[in-house]
Amino acid sequence: MDFCLRTLNLSKRYGEKAVVREINLNVRTGDIYGFLGQNGAGKTTTLRMLMGLIRPSAGEIEWFGAGPHSGRARALERIGAIIEYPGFYLNLSAAENLEIHRRLMGMGNKECIDEVLSTVGLLDAKQQKVKNYSLGMKQRLGIARALLHHPELLILDEPTNGLDPVGIKEVRQLFLELAKQRGITILISSHLLSEIELVATRIGIIHQGKLLEEIDYAELRKKARQYLEIKLDNEQRAAYLLEQKLGMGDYLVAGPGLLYLYEGLEQSAKVNFTLASNGIGVREIVLSGDSLEDYFLKITGGAELV
Ligand SMILES: Nc1ncnc2c1ncn2[C@@H]1O[C@H](COP(=O)(O)OP(=O)(O)OP(=O)(O)O)[C@@H](O)[C@H]1O
Ligand SMILES: [Mg+2]
């Protein structure tokens, strides 16, 4: 397996306070990794350590599978990042801002500017002064700047903070395109499960400085799954009826007289009717299991996350 980034017991203390505690992140090449945690959980501190903006108190960072002691400078050339708010010269246009950055980075070709502006959907607005940009446009310009040197890995700290639902959707779409069409690995932090869950392939949950869980999204969906719990008197025949009459095959015979149905969660009345009218005694149908939110609340000890 190829990893873009791994950390080994990465830690940060400020005085007596352990802010990031022995974190082991495993970001695989191609992942959209959602780094999820409440305000103050330690997300920004972790990302700042990754980017070399602050020094870890302990632990290692390994980039692109090159071993913990390979140079950070080499790795940084392959990474684009926005940590906290991207700063721009407000009286200059978007294109001028990127031009300054291009020169700072010592990059040869000018075409890359139009290319990244087009990627983030700002080509038509490139001559506008940044002070006239909306927050969403500024965020996208920040992403454009992070993309300028063709990074393999993007690290973005709360990229959808402050955006309205339309802006959030656009940025989310952009992440999917960058990941799918360009093969860019993306590490995004967020305090909102609802933003992460629609794009992430993998999720790491940080809580009070500790990484509580790191899990593939598909795996998480299985763990945090809701189902109709049906108590009835002939589970084998009920299973047959669900398949034949309703085309529902995603169920589990959980025991004598007990069947879990993982699809058609809103169709309990129809399920009940179909079973009952085919001679099955249905004693109870209830919605059970965890929603994703429930699951997160459970593992973060009931703390609000959404
Ligand atoms: N320079 C510092 N000195 C002392 N404490 C700090 C410093 N920087 C961060 N902290 C503390 O570390 C903890 C984690 O902060 P951090 O900014 O990493 O959280 P976060 O997950 O990014 O939160 P948010 O969602 O609010 O951005 C907080 O309790 C914060 O007060
Ligand atoms: Mg933060």
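So, here's what we can say about the structure. (Residues numbered from 1 in each chain as written. Chains lettered and ligands numbered in written order. Predicted model: local features only at pLDDT ≥ 70, side-chain atom pairs only at ≥ 80, totals over all residues. Heavy atoms only, no water.)

## Let's talk about the packing of aromatic side chains
Counted by the stated rule, this structure contains 3 aromatic pairs. In textbook terms, an aromatic cluster arises when at least three aromatic residues are bridged by ring pairs, as seen for Tyr-227, Tyr-260 and Tyr-262. Seen from the ring of Phe-3, Arg-6 lies directly overhead, with NZ or CZ sitting 3.9 Å from the centre. (Phe/Tyr/Trp six-rings, centres within 6.5 Å; stacked < 30°, edge-to-face > 60°. Lys NZ or Arg CZ within 6 Å of the ring centre and 35° of its normal.)

## Some points on the site of ligand 1
Taken together, Tyr-14, Lys-17, Val-19, Gln-38, Asn-39, Gly-40, Ala-41, Gly-42, Lys-43, Thr-44, Thr-45 and Glu-158 form the complete shell of residues around ligand 1. Contact distances for ligand 1 include 3.0 Å between an oxygen atom and a side-chain N or O atom of Asn-39. For ligand 1, an oxygen atom lies 3.2 Å from a polar atom in the backbone of Ala-41. Within the residue set of the shell around ligand 1, elements represented by two or more residues are strand 2 (17-23) and helix 1 (43-50). For the shell around ligand 1, the element with the highest residue contribution is helix 1, accounting for 3 residues. Its residues assigned to classes, the shell around ligand 1 shows 3 nonpolar, 6 polar and 3 charged. (Near = heavy atom within 4 Å. Polar contact = N/O pair within 3.5 Å; in protein donor to acceptor, adjacent residues only side chain to side chain. Helix = DSSP H or I, 4+ residues; strand = E, 2+ residues; numbered from the N terminus. Nonpolar A, V, L, I, M, F, W, Y, C, P; charged D, E, K, R; others polar.)

## Considering unusual backbone geometry
A positive phi angle, close to 55°, is found at His-150, a residue other than glycine. Mapped onto the secondary structure, His-150 falls in the loop between helix 5 (135-147) and strand 7 (153-157). Although it is not a glycine, Glu-158 sits at a positive phi angle of roughly 45°. Summarising the element assignment, Glu-158 is placed in the loop between strand 7 and helix 6 (165-182).

## Examining the pattern of salt bridges
In total, this model carries 13 salt bridges according to the counting rule given. As a salt-bridge pair, Glu-284 and Lys-231 come within 4.0 Å of each other at their nearest N and O atoms. In this pair, Glu-284 is assigned in strand 14 (residues 282-289) and Lys-231 in strand 11 (residues 226-232), connecting sequence segments 53 residues apart. Each of Arg-28, Asp-31, Arg-202, Glu-214 and Asp-216 takes part in a single network of salt bridges with overlapping partners. (Salt bridge = Lys/Arg side-chain N within 4 Å of Asp/Glu carboxyl O.)

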